[in-house]
Amino acid sequence: MEVTAWRCTHVAAVSWRKFSRRQLSISASKADRYSRQLEFPGGLVKVSIKRARRKTLAIHVLSACRVEMRVPLKCPWQEIDQFLESRHGWIENASESLASAPVVPELRYHDGAKHPYLGESIPLMLVRGRPMLTEFIQGRLVVRCSDPSDEAKVAAQIDQWYRRQAHLLFPELIEACRTRFPMALSYRGLVVRKMKSRWGSCSKQGEICLNSLLIRSPLQAIEFVIAHELCHLQHFSHNVAFYRLLTAIMPDWREREGLLMRG
Ligand SMILES: [Zn+2]
């Protein structure tokens, strides 16, 4: 089973034959078989169900009030509801923590607009010309392209640049962070991806995925997310042992968490 929470994967998946049967307490709309509503103290959460060619049931907590469930094509409705019910508490925790998830700032793409990079605010310099180029030069992020008035193209170039910087920096930080651990970690590699709802995730196979937009946050905050995900290699869920390890290798993690770029 794969379960992580917080700004991690927010995915619960399990072979649909393996979970225990329990009583249901989920309201299902008769008008729409593919949606459910879960009631938590914090409010209602809407669950949409998507059938697909797959072997497992998975729950994706997309936002504080929106959940998607992906299920095998022929999985019976009763089993879908039972699985949803069995993950009730987990969904509550994940959706609560997503309420404080990163907010990607609204950025503008005109000349002089400020863009975050490693916690600093960097002004854009747009230049018309070829070949295309995105580079940090003398305190400015220079973007050269054939049509600098095309915000979508400028944004795509900047995204690529963020990703390149992330690919250069993150492996280095991971290696440095690994040396803080008292035990050998079963780290299998890094994936960098632009994500909307989480900073990082960790798979049971030992692969760590980091949000390329983390490169906007201060170094200490990036190190915190890396430490958090590396701790998952030892303790997969957010239990007491997980936080004990995180505190041991990074005593100031709470302050660092507060530095994450929230827009
Ligand atoms: Zn986590």
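Colleague: I keep staring at the overall build of the chain and nothing clicks. Help me out?
Modeller: Check the secondary structure of the chain and you find 6 helices and 14 strands. Classification of the 263 residues of the chain by burial places 31% in the buried group. For the chain, restricting intrachain contacts to residue pairs at least 6 apart in sequence, the fraction spanning at least 24 positions comes to 53%.

Colleague: I would appreciate a short explanation of helix H3 (residues 151-178) in the present structure.
Modeller: An α-helical segment advances 3.6 residues per turn. Residues three or four places apart therefore align on the same side. Here H3 contains 28 residues, and its C-alpha end-to-end distance of 39 Å stays within 8% of the 40 Å for a straight helix at 1.5 Å per residue. The largest bend in H3 comes to about 25°, at His167, with the proline Pro171 one to four residues further on. Buried within H3 we find Val154, Gln157, Trp161, Tyr162, Ala166, Phe170, Ile174 and Cys177. Close packing links the buried residues of H3 with strand E9 (120-128), strand E10 (133-137), strand E11 (140-145), strand E12 (189-193), strand E14 (207-211) and helix H4 (219-234).

Colleague: So what exactly am I meant to see when it comes to the environment of Gly112 here?
Modeller: Position of Gly112 among the secondary structure elements: in the loop between helix H2 (88-98) and strand E8 (114-117). Taking the C-alpha atoms as reference points, Gly112 and Leu141, separated by 29 residues in sequence, lie 9.4 Å from one another. Those residues in contact with Gly112 that sit more than four places away from it in its chain are Pro123 and Leu124.

Colleague: Just checking my understanding: could you explain the pairing of E10 for this structure?
Modeller: Within a regular strand, side chains alternate between the sheet's two faces. As paired strands, E10 and E11 are joined by 5 bridges and run antiparallel to one another. When the sheet's bridge partners are listed, Phe136 is paired in E11 with Leu141.

Colleague: For this particular structure, what's the right way to read the sheet that holds strand E13 (residues 200-202)?
Modeller: Hydrogen bonds along the backbone pair up the strands of a sheet, which may run parallel or antiparallel. Within the open sheet, the 3 strands sit side by side as E12-E14-E13. Their pairing is mixed. Every other strand in the sheet has two partners, leaving E12 and E13 as the edge strands with one partner each. When the angles between neighbouring strand axes are averaged without regard to direction, this sheet yields 15°. Seen against the sheet, H3 touches E12 and E14 and runs at an angle of roughly 150° to E12. In this fold H4 packs onto E13 and E14, with an angle of close to 15° to the strand it touches most, E13.

Colleague: For this particular structure, what's the right way to read unusual backbone geometry?
Modeller: Outside of glycine, negative phi angles account for most residues, and trans bonds account for most peptide bonds. Following Arg130, the chain continues to Pro131 via a peptide bond in cis, the omega torsion being -10°. When you line up the elements, Pro131 lands in the loop between E9 and E10. Unlike most non-glycine residues, Leu118 shows phi in positive territory, near 50°. With respect to the secondary-structure elements, Leu118 resides in the loop between E8 and E9. Since 16 C-beta atoms lie within 10 Å of it, Leu118 is described here as partly exposed. For Gln138, which is not glycine, the phi torsion reads 45° and is therefore positive. Mapped onto the secondary structure, Gln138 falls in the loop between E10 and E11.

Colleague: Is there a simple way to think about the environment of Leu214 in this case?
Modeller: Locating Leu214 in the fold gives a position in the loop between E14 and H4. Along the sequence, Leu214 and Ala166 sit 48 residues apart, while their C-alpha atoms lie 7.8 Å from each other.

Colleague: How should the nonpolar core be read in this particular structure?
Modeller: Considering soluble globular proteins, one finds that nonpolar side chains tend to be buried as a cluster. Formed by 27 residues in total, the largest nonpolar core has its most connected members in Ala166, Leu210, Leu214, Val225, Ile226, Ala227 and Leu230. Elements with a contribution of two residues or more to this core: H3, E14, H4 and helix H5 (240-249). Per-element tally for this core: the top contributor is H4, with 9 residues. Discounting residues that sit within four places of it in the chain, Ala166 has contacts with Val192, Leu210, Ser212, Leu214 and Ile215. Of all hydrophobic cores here, the second largest spans 15 residues; its members include Ile49, Met69, Ile91 and Ala94.

Rules of the game
- Residues numbered from 1 in each chain as written.
- Predicted model: local features only at pLDDT ≥ 70, side-chain atom pairs only at ≥ 80, totals over all residues.
- Helix = DSSP H or I, 4+ residues; strand = E, 2+ residues; numbered from the N terminus.
- Buried ≥ 20, exposed ≤ 12 C-beta atoms within 10 Å, placed from the backbone.
- Contact = placed C-beta atoms within 7 Å.
- Expected span 1.5 Å × (residues − 1).
- Bend = angle between axes of the 7 residues up to and from the residue.
- Pairing = 2+ DSSP bridges.
- Axes fitted to C-alpha atoms, helices over the stretch in contact; angles between N-to-C directions.
- Core = buried A, V, L, I, M, F, W, Y, C linked by C-beta atoms within 7 Å.

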